[in-house]
Amino acid sequence: AVVSTQSTGTAISADDVAVIQEVCRSVSDRAARLAAAGVYAIWEKRGKEEFVVAVDGSVFSKHATFSHVLKQTLKDMGCSVKLETATDGSGLGSALVAAVA
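Definitions and cut-offs
Starting afresh in each chain, residues are numbered from 1 along the sequence in its written order. Local features in this predicted model are restricted to residues whose pLDDT is 70 or higher, and side-chain atom pairs enter the listing and the counts only when it is 80 or higher, whereas totals over whole chains, interfaces and linings include all residues. Excluded from the side-chain calculations are hydrogens and water; all other atoms, namely the structure's heavy atoms, are used. Helix and strand assignments follow DSSP, with helices taken as H or I runs no shorter than four residues and strands as E runs no shorter than two, numbered in order from the N terminus. Whether a residue is buried, partly exposed or exposed follows from its accessible area with a 1.4 Å probe, protein chains only, as a fraction of its type maximum: under 20%, in between, or over 50%, in that order. By definition in these notes, contact holds between two residues if any of their heavy atoms fall within 4.5 Å. Residue exposure ignores everything except the shown protein chains as possible cover, and the areas themselves are Shrake-Rupley values with a 1.4 Å probe. Residues form patches when they are more than 30% accessible in relative terms and have no salt bridge. Like charges link within 9 Å. Nonpolar side chains (Val, Leu, Ile, Met, Phe, Trp, Tyr) link within 5 Å. Counted as salt bridges are all cases of a side-chain nitrogen of Lys or Arg within 4 Å of a carboxyl oxygen of Asp or Glu. Only Phe, Tyr and Trp rings are paired, with Trp represented by its six-membered ring, and only when their centres lie within 6.5 Å; those with planes under 30 degrees apart are stacked, over 60 edge-to-face, the remainder tilted. A ring is scored as having a charge over it whenever the NZ atom of a lysine or the CZ atom of an arginine sits within 6 Å of its centre and within 35 degrees of its normal. For the purposes of this section, nonpolar cores are sets of buried Ala, Val, Leu, Ile, Met, Phe, Trp, Tyr and Cys residues that join through side-chain atoms within 4.5 Å. Every axis in this analysis is a line fitted to C-alpha atoms, fitted for helices over the stretch in contact. Angles between the N-to-C directions lie between 0 and 180 degrees. Any angle from 65 to 115 degrees is called roughly perpendicular, while one under 35 is roughly parallel, one over 145 is roughly antiparallel, and all others are oblique. Take the far helix as your reference; a near helix turned counterclockwise from it by less than a right angle gives a left-handed crossing, and one turned clockwise gives a right-handed crossing. Amino acids outside the nonpolar list (Ala, Val, Leu, Ile, Met, Phe, Trp, Tyr, Cys, Pro) and the charged list (Asp, Glu, Lys, Arg) are all regarded as polar, and Gly is one of them.

Quick notes on the overall build of the protein chain
And then number 1: Assigned secondary structure in the protein chain consists of four helices and four strands.
And then number 2: A burial count over the protein chain gives 23% of its 101 residues as buried.
And then number 3: Residue pairs in contact within the protein chain that sit at least 24 positions apart in sequence constitute 61% of those at least 6 positions apart.
And then number 4: On the protein chain, roughly 7,100 Å² of surface is accessible, and the fraction owed to carbon and sulfur atoms is 57%.

Side note on unusual backbone geometry
And then number 1: Backbone geometry places Lys48, a non-glycine residue, at a positive phi of 60°.
And then number 2: One can find Lys48 in the loop between helix 1 (14-45) and strand 3 (52-55).

Topic: a nonpolar patch on the surface
And then number 1: A contiguous nonpolar patch, built from Val19, Val23 and Val27 and spanning about 270 Å² of accessible area, is present on the exposed surface.
And then number 2: Mapped onto the elements of the fold, Val19 is located in helix 1.
And then number 3: For Val19, a relative accessible area of 53% puts it in the exposed group.

Thoughts on the pattern of salt bridges
And then number 1: Counted according to the given criterion, the structure contains three salt bridges.
And then number 2: With its nearest N and O atoms 2.6 Å apart, the salt bridge here joins Arg25 to Glu22. Here the residue Arg25 and the residue Glu22 both occupy positions in helix 1, the gap between them amounting to three residues, near one helical turn.
And then number 3: A salt bridge links Glu84 to Lys82, with the nearest nitrogen and oxygen atoms 3.2 Å apart.

Quick word on the packing of aromatic side chains
Any pair of aromatic rings gets described here by the distance separating the centres and the angle formed by the planes.
And then number 1: Taken as a whole, this structure holds one aromatic pair when the rule is applied.
And then number 2: For Arg46, the ring lying beneath its charged end belongs to Phe51, and the centroid distance is 4.6 Å.

Remarks on the nonpolar core
And then number 1: Val53, Leu70, Leu74, Val81 and Leu83 are the most contacted members of the largest nonpolar core, which has 16 residues in total.
And then number 2: Residue contributions to this core peak at five residues, all from helix 1.
And then number 3: Excluding its chain neighbours within four sequence positions, the residues that come into contact with Leu83 are Val53, Val55, Phe60, Leu70, Lys71 and Leu74.

A short note on the side chain of Thr73
And then number 1: As for its placement among the helices and strands, Thr73 is situated in helix 3 (residues 66-76).
And then number 2: Judged by its relative accessible area of 12%, Thr73 falls in the buried class.
And then number 3: Apart from residues lying up to four places away in sequence, Thr73 is in contact with Arg33 and Ala36.

A few points about the packing of helix 1 against helix 3
And then number 1: Look at helix 1 against helix 3: their axes get within 8 Å of each other, and the N-to-C directions meet at 45°. Between helix 1 and helix 3, the interaxial angle falls into the category oblique. Between helix 1 and helix 3 the crossing geometry is right-handed. Listed contacts from helix 3 to Ser28, Asp29, Ala31, Ala32, Arg33, Ala35, Ala36, Val39 and Tyr40 of helix 1 are Phe66, Val69, Leu70, Thr73 and Leu74.
And then number 2: Here the contact of helix 1 with helix 3 is composed, by residue class, of ten nonpolar, two polar and two charged.

This is how it looks when you write it as C-alpha cells:
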C-alpha cells in the first residue's frame, strides 16, 4: 500500500516508513547510549561517587524515548548519578561550569 506520493512522484510504501522508523529509533538509542557512556566516564573518573548531572535540551526533554534509554543505560552500567532537567538553558550551564572552575 502506498502511504504517500511526494511531489516528485515517488511512492512511499508502508515498508519504507517502517525502515525509516527503525533507522531513526536506532540512531536515537545510540545517541542516548553514547551520552550515557560520557556520563559514566566522568562518574568513574570521580571515584564512582554519586553526583547530579544537569541536562538541558529538547532531545532529552521531548524525545519519546531518549531520556528513558539514557537512564536505563546508566542503571545497567551500575552508574549512580542523578539526572536533573535544567530549565533555563545554557546560561545555567555556563554558570555551573564557571562555578566549578
